[in-house]
Amino acid sequence: MESGKPKNRSNKVIVAVLIFSTLVIIGLAASVPFYFETTTIWYKTGLDKTFLRFGQVAGMIALCLILLQIIIAVRGAYLESWCGVANLVRLHQVNGLLICLLILVHALLILLPEGLNNLPIGRKYWPEMVGGVALVALLATTFFSYFREALKIGYQRWRFIHRPLGYLIALAVVIHVLFVSDVFASGVLRSLLVSAGGGVSLYVLVVKTLLFMKK
Amino acid sequence: MKSIVQIIMALTVLLLFAVPAQSAQKWELDKAHSSFYFNVDHIFSKTHGQFNDFKTEISFDPNNLGESSFYFEIAVKSINTNITKRDKHLQSGDFFDAGKYPLMTFRSKSITDAGNGMYQVAGDFTVKDVTYDLTIPIQLVGVKEHPTAKGKLVAGFDGRVTLDRLAYKVGSGKFYELGVIGKDVDVLVSLEVLADK
């Protein structure tokens, strides 16, 4: 395993730029529920409106972190040399926990205004249910990752499930957002999300292809 | 001899009264061609919707209104306005609170002939577990042999009523006061029912 810390000054600058760019993207994503109000926001008042809006903010941040999580997991030679493998692994673990927390907050704050006895279950609520499945899968994969050794699950066996499940969760989350929210139904936000999803997919493809060619 | 005749006559009279009154024709719902529609004002436009899950128990004979009856049961969760988010909002505590009050029912208590195929159907309307008196004017659109199902009769009923949703606590009135959603809901009960000939 490579050293955990960036080796030189130029690497530190690159890491700082990467962190700053990520924070800017997350900040912009978090502002979406304020600048692109969904029609559901229009019909909520008082505390319900606040819950719904901050539920959407949590969801938007989680979406960014999930896409980032894929990049961190796939790594790639440049990212490894800039950040160090140990740092990326640690970041992957912390980011996973943060995503779980945000997704739970998102689900709770979105569902509370409509009532917890009024859950969106059924075929016509399929985008919400895709999000629900992603939430369960995310919690499960995080639980088994953190307690893998305690549960005596072998590394290879765990990774065999963890890796494809991670991609599937990211895909499910993107589909959930594209179809659950009316502000993502068309226009600039839809284009941006499709581009971001496509970009991450392309990154995975390039890194995996280069790795395959290297072998 | 005279007393025997009197006994036989008395028994005959008793038997005649013992025969139950002719019950009204029972009609089975043709669900594919029936619905409970509604529309309500939204600022300047009208929002249309319907309930997709409901059942009915209908006994109807225009010549025997005393034995005729209507019972409607509507699953509130089946509300459909073609926008799932709006449906979920209508099911929430802001309106129907479907999780707590899953059904709306109407059970007739009396039916009176208002002429020209119109009937005033008075009964108990239960919404959010509170029962109110409600009279629905229902028109018998027609009765005839079913054109495609042999051996079946088909009848049509149209009921139109305007309900003040706030009187039934369907909404607190905040959206009405904001001038967003009207309080009067036009309801159309359109039923096609079938019976064996």
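Residue positions are counted from 1 within each chain, in the order its sequence is given. Think of it this way: whatever chain is written first is A, whatever ligand is written first is 1, and the rest follow in order. Only residues with pLDDT of 70 or above have their local features reported here, since the model is predicted, and side-chain atom pairs are shown and tallied only from 80 upward, although totals for entire chains, interfaces and linings are computed over all residues. The side-chain values count all of the structure's non-hydrogen atoms but skip hydrogen atoms and water molecules.

**Q** What is the right way to look at the nonpolar core in this model?
**A** General note: in soluble globular proteins, nonpolar side chains tend to be found buried as a group. Only buried residues count toward a nonpolar core. Its members are Ala, Val, Leu, Ile, Met, Phe, Trp, Tyr and Cys residues joined through side-chain atoms within 4.5 Å. Working definition: with a 1.4 Å probe on protein chains only, accessible area under 20% of the residue-type maximum means buried, over 50% means exposed, and in between means partly exposed. By size, the foremost hydrophobic cluster in this structure holds 46 residues, and its most contacted members are I58, F60, F70, F72 and F157 of chain B. What counts as a helix is a DSSP run of H or I of at least four residues, what counts as a strand is a run of E of at least two, and both are numbered from the N terminus. Of all the elements in the fold, those that place two or more residues in this core are strand 2 (35–42), strand 4 (54–59), strand 5 (69–75), strand 7 (103–115), strand 8 (118–127), strand 9 (130–145), strand 10 (152–164) and strand 11 (181–196) of chain B. For this core, the element with the most residues is strand 11 of chain B, which contributes 7 residues. M60, I61, I99 and V204 of chain A belong to the second-largest nonpolar core, a separate cluster that totals 39 residues.

**Q** Even after reading the chapter, I still don't get the interface of chain A and chain B, so can you show me in this structure?
**A** A common way to report how large an interface is uses the accessible area buried once the components associate. Contact criterion: two residues are considered in contact whenever any of their non-hydrogen atoms come within 4.5 Å of each other. Counting from both sides, the interface comprises 13 residues of chain A and, opposite them, 18 residues of chain B. Throughout, the accessible surface (probe 1.4 Å) given up by two parts as they are put together, summed over both, is called the buried area. Together chain A and chain B conceal approximately 1,400 Å² of surface at their shared face, both sides included; 45% is due to carbon and sulfur atoms. Among the residues chain A hides against chain B, the three largest losses belong to Y43, N118 and K124 of chain A. Together they make up 40% of the total. Salt bridges, as used here, are contacts in which a Lys or Arg side-chain nitrogen is within 4 Å of a carboxyl oxygen on Asp or Glu. At the surface where chain A touches chain B, the tally comes to 3 salt bridges. As a salt-bridge pair, K85 of chain B and E128 of chain A come within 3.2 Å of each other at their nearest N and O atoms. Whenever a nitrogen or oxygen atom comes within 3.5 Å of another N or O atom, the pair is scored as a polar contact, on the condition that within protein one atom can donate a hydrogen and the other can accept it, and that pairs from neighbouring residues in sequence are kept only if both atoms are in side chains. Our enumeration of links across chain A and chain B arrives at 12 residue pairs in polar contact (both at pLDDT 80 or more).

**Q** Help me understand the side chain of Q91 of chain B, please; the structure alone is not making it clear to me.
**A** Looking at where Q91 of chain B falls in the secondary structure, it is placed in helix 2 (residues 84–91). Residue Q91 of chain B is classed as buried on the basis of its relative accessible area of 1%. At 3.1 Å, the side chain of Q91 of chain B and the side chain of K88 of chain B are in polar contact. Setting aside chain neighbours within four positions, we find Q91 of chain B in contact with N118 and Y125 of chain A together with V76, K77, I79, F96, D97, A98 and G99 of chain B.

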